[in-house]
Amino acid sequence: MTIVTGGAMRKILCPVALTGVILLELILAFLLSLTELNAIMVTLVVDLVFAIGAGIWYRLHQSEVRPSVSTRQFLFFLAFQVPIWLMSQVTATYIISLDSNAYFSESLENAPVLLYLLLTLCIAPITEELLFRGLWYKHLRDAFGVFPAAIVSALVFSVLHGNLPQMYVTVVMGLFYALCMELTDRIWIVMILHAVANMMDALAVLIRIPTFFLEPWFFGPIDAVIIGVLLILLYKHRRHAVPVQKAPPVIRTVLPDAHEGVYEKQELDESESNMSLK
């Protein structure tokens, strides 16, 4: 008779549960698409529903002991994100130059500006990070470890974006966000990084990438180095270490002897009786 341990059961149920979450999201999006809502409103409703659900789950499973994060470390993550984002955008631009139909986002391009900013700078970073780093990554990490969890969560994050240029960008950024999540264990940091990346995406239309950058012999080795560094760092931290919380010093309170006063009274009575006898 084979006994399934708790760890093995977690490894069996984890992919099933997470796949079910994605299927529920797709089913909800399909049902809403049958209504009179346009594509941008469907995206907003689906994101809000799953942000609430994933947020509750993340809050209930949040670690009580987490590593400290300084302002300098947060600024380092912001600065480190820029070259990763830039080179992924260069590669995505090259892919689009090969096939103009590889990228499509008519629903966002035709959306009102305020609605577009609300979705890309607020709703999408919160929902996607709660789902893929707060839910997928942490759940997979507890079952399989840091390295597999980072790769799988980044791949799922990539595939669900639906087009090749975005898939490349999101798989690289997904690895980076998983690393940040592992080092900080704070979802709000990854949300801010994601929002900043989306803001840079919106401003990228104002930047003309030099033709020199779009040569595969130029960006290919740089992309390989970036992905290699991210994978090495994730592999280095493949064993999730929970910070050890120092136990507070034990203060021993010395209680007075309850019979101390009784003994002193008895001694006083004996001395008085001896004096009276004398």
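Summary of the structure given here. Remember, predicted model here, so these are calculated numbers, not experimental data.

## Section: the overall build of the chain
Next, step 1: Helix and strand content of the chain: ten helices and zero strands.
Next, step 2: The linear arrangement of helices and strands in the chain, starting from the amino end, is α-α-α-α-α-α-α-α-α-α.
Next, step 3: Looking at the chain alone, contacts between residues at least 24 apart form 80% of all its contacts between residues at least 6 apart.
Next, step 4: Summed over its atoms, the accessible surface of the chain is roughly 17400 Å², and 68% of this surface lies on carbon and sulfur atoms.

## Observations regarding the packing of aromatic side chains
Next, step 1: If you walk through the whole model with that rule in mind, you get nine aromatic pairs.
Next, step 2: Seen in terms of ring centroids, F76 and F80 are 5.8 Å apart; in terms of plane orientation they differ by 5 degrees. Their pairing is stacked. One end of the pair is F76 and the other is F80, both in helix α3 (residues 71-98) and four residues apart, which spans about a single turn.
Next, step 3: Taking 5.8 Å as the distance between ring centres and 50 degrees as the angle between the ring planes, the aromatic pair formed by F176 and Y177 counts as tilted. For the pair shown, F176 and Y177 are each scored as buried.
Next, step 4: An aromatic cluster is present here, built from F76, F77, F80, F176 and Y177 joined pairwise through their rings.
Next, step 5: It is R133 that lies over the ring of F157; its NZ or CZ is 4.5 Å from the centre.

## Topic: a nonpolar patch on the surface
Next, step 1: Taken together, the side chains of V113, L114, L117, L121, M199, L203, V205, L206 and I207 define a hydrophobic patch exposed on the protein surface, amounting to about 930 Å² of accessible area.
Next, step 2: Per element, the largest residue contribution to the nonpolar patch is four residues, and it comes from helix α5 (residues 113-144).
Next, step 3: On the secondary structure map, L121 appears in helix α5.
Next, step 4: The class for L121 is partly exposed, based on a relative accessible area of 30%.

About the cut-offs
- Residues numbered from 1 in each chain as written.
- Predicted model: local features only at pLDDT ≥ 70, side-chain atom pairs only at ≥ 80, totals over all residues.
- Heavy atoms only, no water.
- Helix = DSSP H or I, 4+ residues; strand = E, 2+ residues; numbered from the N terminus.
- Contact = heavy atoms within 4.5 Å.
- Areas by Shrake-Rupley, 256 points an atom, 1.4 Å probe, with all protein chains shown as cover.
- Phe/Tyr/Trp six-rings, centres within 6.5 Å; stacked < 30°, edge-to-face > 60°.
- Buried < 20%, exposed > 50% of the residue type's maximum accessible area, 1.4 Å probe, protein only.
- Lys NZ or Arg CZ within 6 Å of the ring centre and 35° of its normal.
- Patch = residues over 30% accessible without salt bridge, like charges linked within 9 Å, V, L, I, M, F, W, Y side chains within 5 Å.
- Salt bridge = Lys/Arg side-chain N within 4 Å of Asp/Glu carboxyl O.

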